[in-house]
Amino acid sequence: MAMATDVPKDSFRLSMLIYDTRYRSYTIQIVVLILFAMAVAWLLNNTVQNLAVRGKQFDYSFLWQRAGYDIGQQLIPYTNDSTHFRALLVGLLNTLVVAFWGCIFATILGVIVGVLRLSNNWLIGRLMTIYVEIFRNVPLLLWILLSYVILSETTPQPRDFRVTDEMAAAGEEPAASMMLFDTVAVTNRGTNIPAPLFDRGLGTLDLGFMTLNLTFWAILAVIAGSIWVNRRILASARAQQEATGDRPVTWWKSILVLFAPTILLLVALGFHLEIPELRGFNFAGGILVAHSFTALTIALSLYTAAFIAEIVRAGILAISRGQTEAAFALGLRPNRTMSLIILPQALRVIIPPLISQYLNLTKNTSLGIAVSYLDLRGTLGGISLNQTGRELECMLLMMLIYLSISLIISSLMNLYNKSVQLKAR
Amino acid sequence: MKKTVFFGALAATTLLAGLASAGTLDDVKARGELICGSNTGLTGFGAPDASGNWAGFDVDLCRAIAAAVLGDATKVKFVPTTGETRFTALQSGEVDVLIRNSTWTATRDSELSLDFVAVNYYDGQGFMVKKDLGVSSAKELDGATVCIQTGTTTELNLADFFKQNNISYQPVTVGDDSEAQRQYLAGACDAYTTDASGLAASRATMPDAENHIILPEIISKEPLGPVVRHGDSQWGDVVRWTYYALLIAEEKGVTSANVNEVATSTTDEEVKRLLGVSGDFGAKFGIDNAGFKTAIAAVGNYGEIYARNIGEGTTINLARGLNALWTQGGLQYAPPFR
Ligand SMILES: N[C@@H](CCC(=O)N[C@@H](CS)C(=O)NCC(=O)O)C(=O)O
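Residues numbered from 1 in each chain as written. Chains lettered and ligands numbered in written order. Predicted model: local features only at pLDDT ≥ 70, side-chain atom pairs only at ≥ 80, totals over all residues. Heavy atoms only, no water.

Draft legend 1. View of helix H13 (residues 291–299) of chain B. Residue and element names in this part refer to chain B. Along H13, the residues classified as buried are Gly291, Phe292, Ala295, Ile296 and Val299. Looking straight down H13, one finds its buried side chains confined to an arc of 135°; they lie on one side. Summarising the contacts, the buried residues of H13 are in contact with helix H3 (57–70), helix H9 (233–251), helix H10 (259–265), helix H11 (269–274), helix H12 (281–285) and helix H14 (302–309). (Buried < 20%, exposed > 50% of the residue type's maximum accessible area, 1.4 Å probe, protein only. Helix = DSSP H or I, 4+ residues; strand = E, 2+ residues; numbered from the N terminus. Arc of directions from axis to C-beta. Contact = heavy atoms within 4.5 Å.)

Shown next, in the form of structure tokens:
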């Protein structure tokens, strides 16, 4: 802006918009903005006109109509009498649950592989390299299909578990049997696991727009309370240690506070497990974890873990060798050096790219359609879209939802990122 | 000022685009090729053979339309569509007509802005199970896992049927017929449900066809027929009357073998009009006056098409049943050609 003083203060001429560096960038920006607005207006206008030609209006009221179809996996109550909106919610939860477990497993596995890949042990290091290269370089869809096919073609059919009278008389064993003390059955359709049941449940609270399962929330509240009290105990122990140099014994208090209230509550509610048993065509009772869910979660975790491993490795390599040497000089063992010195510093490098891996994983859940997993794409963007013929509405809404999920994940992760960044003290 | 011109031009072009897409008949003629939405592969109804030539009951109707409009039954491009993609393909203009086991329903006629112009196969939804499952009625399927194709009417009927009978099931929603078959054969579902004709066609391709049975219950009405975009009645008429021409031909005993001879010798006035010997009906529909004759010569009448692709004696082996002519106690009935 040193130039500004040299410019004679003469009157404003139109040509200055182009030739004067003070105005030129504004001119360009305004022109581009107008062009952009016109392009958007043209797109909108075109869409509206074409919809009108086809005799369709833009209308979301179908969301409140009866859906009429069934969904295999439902985390909230849903029947074919529910609305399309309810189906959307069921699909959304199915998306989120895969994303949630996928992110957790991928992170754990990714960190382990990333660290091991730097191991001095030649064999382990090479094995991890092979893992990373194989998973990174084969399309995710193939991994999903592969896990699904393996799960569904190598496991027995439900009827293989059946013991007929003749077999019992002949003392024959069925072709397949349950696992883990006869509580879990893996069939070619899914994994049947025991379901938690309560004799004296607290019922549900109807809030009008949704119902709350009070039993679930009560247990969650007690667990959260226990964890909070435990932290208070540890904090006061630390305070005392700092003040007096003596750390009071807290382990039995912690165990008591962490477990006793929850166990008491469970007993009071009459908690017991419902074991799946073969009835008719399938196992009844318990919870069915369909193979589509398992396959999708496994494939997403393994695939994303390969990328996370690379990010972790790069993060660790970014920490100068001097840090390790200094830690060794202080007599820290390699394990502790890694967990106390290297990883905390590496986190700062790791987290930003990690966020985008989480976002990728979440968006990639939409590939579940390939194994008949009814997520958001399968319900709102699949069956609802097809049965109502509201392509544009469904697609826009679905994009909006994926966008919001991504923005929420990245803003949460950014908060976490801020908390681990170097703080100037 | 400039802006108004710009938007005016814009409105005009979009309007023109709208109008242009309304005249499918002219589009097809100008292109010299009919684009027909078909199955991804359902033996007997629409599937490419080993050398890539499409054949089947629905495919022959496409060929008949191409013969009537373009004078050549081979000038058809088949675009495979799944239950999920078929209507979008039609609405967006990717295909000119959709002939693919599609059920005529109120929603599809109204909300989806489509027009079903005829019913070329009266069908209903059935269930297929393996014989060794020991099931003889669909009502015994309580608790079963059922494979179902997404984007279909059958998906909705299935939910209704189980609800009405107060029994439960576990749906496995699949994308197309081949995936459904794979899952069913692998034992991932106890039963596979779709149109009974589709079940018969699927069973015909299974290596152990005799080990599978189709249960007696037919749980819905599935009138399958050709579909065009709503608002293009001229094209709708051509498709509808090409189909009726094939029906009338069967009723009057006109076959691909004798059509030329009949055209010269017949004394039946309706047949004369149909074959373009008298009157100018072809021209009124906007096609060659002998267009319907060309169609019959190319693919035969309805009965011939049926017998060749899905009739008794073929691997699909479907009796005419509801699809017999009205004169034989069936439902196939064409309005008079006058
Ligand atoms: N008629 C039903 C079902 C149509 C349907 O999808 N049929 C199956 C079997 S009958 C089919 O054509 N599958 C072949 C494919 O997926 O390409 C409808 O219109 O919704």
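The structure having been displayed, the exposition proceeds.
Draft legend 2. Here's a closer look at unusual backbone geometry. Residue and element names in this part refer to chain B. Although it is not a glycine, Asn166 sits at a positive phi angle of roughly 60°. Note on placement: Asn166 falls in the loop between helix H6 (153–164) and strand E10 (169–174). Unlike most non-glycine residues, Asn317 shows phi in positive territory, near 60°. Tracing the sequence through the fold places Asn317 in the segment after H14. Exposure remark for Asn317: the relative accessible area of 46% places this residue in the partly exposed category.

Draft legend 3. Quick look at the state of the cysteines. All names here are of chain B. Summed over all chains, the structure comprises two disulfides over all chains. With its sulfur 1.8 Å from that of its partner, Cys36 forms a disulfide with Cys62. Of the two residues, Cys36 sits in strand E1 (residues 34–38) while Cys62 sits in helix H3, which places them 26 residues apart along the sequence. Of the two residues, Cys36 and Cys62, both sit in the buried class. A disulfide bridge connects Cys147 with Cys189, and the sulfur atoms are separated by 1.7 Å. (Disulfide = S-S within 2.5 Å.)

Draft legend 4. Expanded view of the interface of chain A and chain B. Each partner contributes to the interface: chain A provides 39 residues, whereas chain B provides 46 residues. Carbon and sulfur atoms supply 46% of the area buried between chain A and chain B, which totals about 3500 Å² over both sides. One can count seven salt bridges joining chain A with chain B. Tallied by class, the residues present in the side of chain A that touches chain B amount to 11 nonpolar, 17 polar and 11 charged. (Buried area = accessible area lost by both parts, 1.4 Å probe. Salt bridge = Lys/Arg side-chain N within 4 Å of Asp/Glu carboxyl O. Nonpolar A, V, L, I, M, F, W, Y, C, P; charged D, E, K, R; others polar.)

Draft legend 5. Structural detail: the packing of aromatic side chains. Residues and elements named next belong to chain B. Scanning the model with the defined rule gives 35 aromatic pairs over all chains in all. Seen in terms of ring centroids, Phe281 and Phe337 are 5.1 Å apart; in terms of plane orientation they differ by 50°. Their pairing is tilted. Placement of Phe281 in helix H12 and of Phe337 in the segment after H14 is noted, with a sequence separation of 56 residues between them. Judged on exposure class, the residue Phe281 and its partner Phe337 are both buried. Members of the aromatic cluster, connected to one another through ring pairs, are Phe45, Phe57, Tyr121, Trp241, Tyr243, Tyr244, Phe281, Phe285, Phe292, Tyr302, Tyr306 and Phe337. Sitting above the plane of the Tyr184 ring, Lys130 keeps its charged end 5.2 Å from the centroid. (Phe/Tyr/Trp six-rings, centres within 6.5 Å; stacked < 30°, edge-to-face > 60°. Lys NZ or Arg CZ within 6 Å of the ring centre and 35° of its normal.)

Draft legend 6. The pairing of E1 of chain B, seen in detail. All names here are of chain B. Of all five residues in E1, five are buried; the element is thus mostly enclosed. Of the two faces of E1, the one carrying Leu34, Cys36 and Ser38 and the one carrying Ile35 and Gly37 are both buried. One ladder, built from five bridges, connects E1 with strand E4 (residues 76–80); its direction is parallel. Of the residues in E4, the one forming a bridge with Leu34 is Val76. Here E1 runs beside strand E5 (residues 97–98); their pairing, made up of two bridges, is parallel. Across the sheet, Cys36 pairs through a bridge with Val97, a residue of E5. (Pairing = 2+ DSSP bridges.)

Draft legend 7. Region of interest: the domain arrangement of chain B. All names here are of chain B. Looking at the assigned domains, one finds that chain B contains domain 1 (22–122 + 225–328) and domain 2 (125–220). One C-alpha centre belongs to domain 1, the other to domain 2; they are set 29 Å apart. Between domain 1 and domain 2, the contact holds 18 residues from the first and 16 residues from the second. Summed over both partners, the interface of domain 1 with domain 2 buries about 1100 Å², with 58% contributed by carbon and sulfur atoms. Linking domain 1 to domain 2 there are zero salt bridges. Our count for the contact surface shared by domain 1 and domain 2 stands at one residue pair in polar contact (both at pLDDT 80 or more). Residue composition of the side of domain 1 that touches domain 2, grouped by class: five nonpolar, nine polar and four charged. (Domains from an automatic or database assignment. Polar contact = N/O pair within 3.5 Å; in protein donor to acceptor, adjacent residues only side chain to side chain.)

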